[in-house]
Amino acid sequence: EDKVVQSPLSLVVHEGDTVTLNCSYEVTNFRSLLWYKQEKKAPTFLFMLTSSGIEKKSGRLSSILDKKELFSILNITATQTGDSAVYLCARTQGGSEKLVFGKGTKLTVNP
Amino acid sequence: DTGVSQDPRHKITKRGQNVTFRCDPISEHNRLYWYRQTLGQGPEFLTYFQNEAQLEKSRLLSDRFSAERPKGSFSTLEIQRTEQGDSAMYLCATGRFGELFFGEGSRLTVL
């Protein structure tokens, strides 16, 4: 099945640092790329990206998609301990409702 | 709390037994999804309903798995003759086009 690969798998930073999480994908008939945050149980929605080069922002988080190179990045500036979580990337394709997730990046923000 | 409720939150069973999980979605969402997540992996798609119709099912889903959504409201996921490899978190979600709201999940442990 077409893959979603996230890197790094794990990352430890100090409060205040800026981090960049990477997601590359392979899919035919691409529709969207999504980011989720999973702290303990349920993943929570962050962003959905469908167009290249258009940055989406929410507070200290931002994300952008490159459909030519088939990747997306998630940036978190001025990290806080509350940002500690697993960040999941997923893609969808036309003709299907399913999300295909990567393994996630486990981010730990130390005080 | 996303408004998606799952029950039970944790189920321990012996190999060979049948188990059933229930999901109560956000009432105005007509799309409902089941995912399975194991440690260190992203959620894996199982099946999708639009109202009461099961429109998509993973090829990975064996005949021991069945899901229903009578009347287009709550949904159940049944696993027959459980195996140790079925141990996982079973997540229900509602929404559309990737912007999904996940429940807290039902954790299954097969001994």
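This text gives an overview of the structure that appears in the document. Just so you know, the residues in each chain are numbered from 1, in the order the chain's sequence is written. Each chain is given a letter, starting from A, and each ligand a number, starting from 1, according to the order in which they appear as written. Whole-chain, interface and lining totals are the exception, using all residues; otherwise, since this is a predicted model, local features are given only for residues with pLDDT of at least 70 and side-chain atom pairs are given and counted only at 80 or more. Note: side-chain values were computed over all heavy atoms of the structure, leaving out hydrogens and water.

### Some details on the overall build of chain B
We apply this condition: A run of H or I in DSSP counts as a helix once it spans at least four residues, and a run of E counts as a strand once it spans at least two, with each numbered from the N terminus. Note on method: radius of gyration uses C-alpha positions; expected globular size equals 2.2 Å times residues raised to 0.38. Accessible surface area values rest on a Shrake-Rupley calculation with a 1.4 Å probe, where residue burial reflects the displayed protein chains alone. When charges are counted, Lys and Arg are positive and Asp and Glu negative, with His and the chain ends excluded. A charged residue contributes its charge at one atom only: NZ of Lys, CZ of Arg, CG of Asp or CD of Glu.
Regarding its fold elements, chain B presents 0 helices and 11 strands. Tracing chain B from N to C terminus, the helices and strands come up as β-β-β-β-β-β-β-β-β-β-β. Its C-alpha radius of gyration of 13 Å places chain B within 12% of the 13 Å reference for a compact globule of 111 residues. Oriented by its inertia axes, the alpha-carbon framework of chain B measures out at about 40 × 25 × 20 Å. Carbon together with sulfur atoms contributes 44% to the accessible area of chain B, which is approximately 5,700 Å² in total. Where the 15 positive side-chain charges of chain B centre and where its 14 negative ones centre are 5 Å apart.

### Here's the deal with the sheet that holds strand E3 (residues 19–24) of chain B
Residue and element names in this part refer to chain B. In plain terms, the rule: Any two strands with at least two DSSP bridges between them are considered paired. Axis definition: a line fitted to C-alpha atoms, over the contacting stretch in the case of helices. Angles run 0 to 180 degrees between N-to-C directions.
Taken in spatial order, the 4 strands make up an open sheet running E1-E3-E8-E7, and their pairing is antiparallel. Pairing within the sheet leaves two strands with one partner each, and these edge strands are strand E1 (5–7) and strand E7 (65–68). When strand polarity is set aside, the average angle formed by the axes of neighbouring strands in this sheet is 15°. Here E3 runs beside strand E8 (residues 75–79); their pairing, made up of 5 bridges, is antiparallel. By the bridge assignment, Thr20 is partnered in E8 with Glu78.

### A few points about unusual backbone geometry
The residue after A:Ser7, namely A:Pro8, is reached through a cis peptide bond having omega -10°. Within the secondary structure, A:Pro8 sits in the loop between strand E1 (4–7) and strand E2 (10–14). Across the junction of B:Asp7 and B:Pro8, the peptide omega takes the value -5°, indicating a cis bond. One non-glycine residue, B:Asn51, adopts positive backbone phi at about 55°. Inspection of the secondary structure assignment puts B:Asn51 in the loop between strand E5 (44–50) and strand E6 (53–57).

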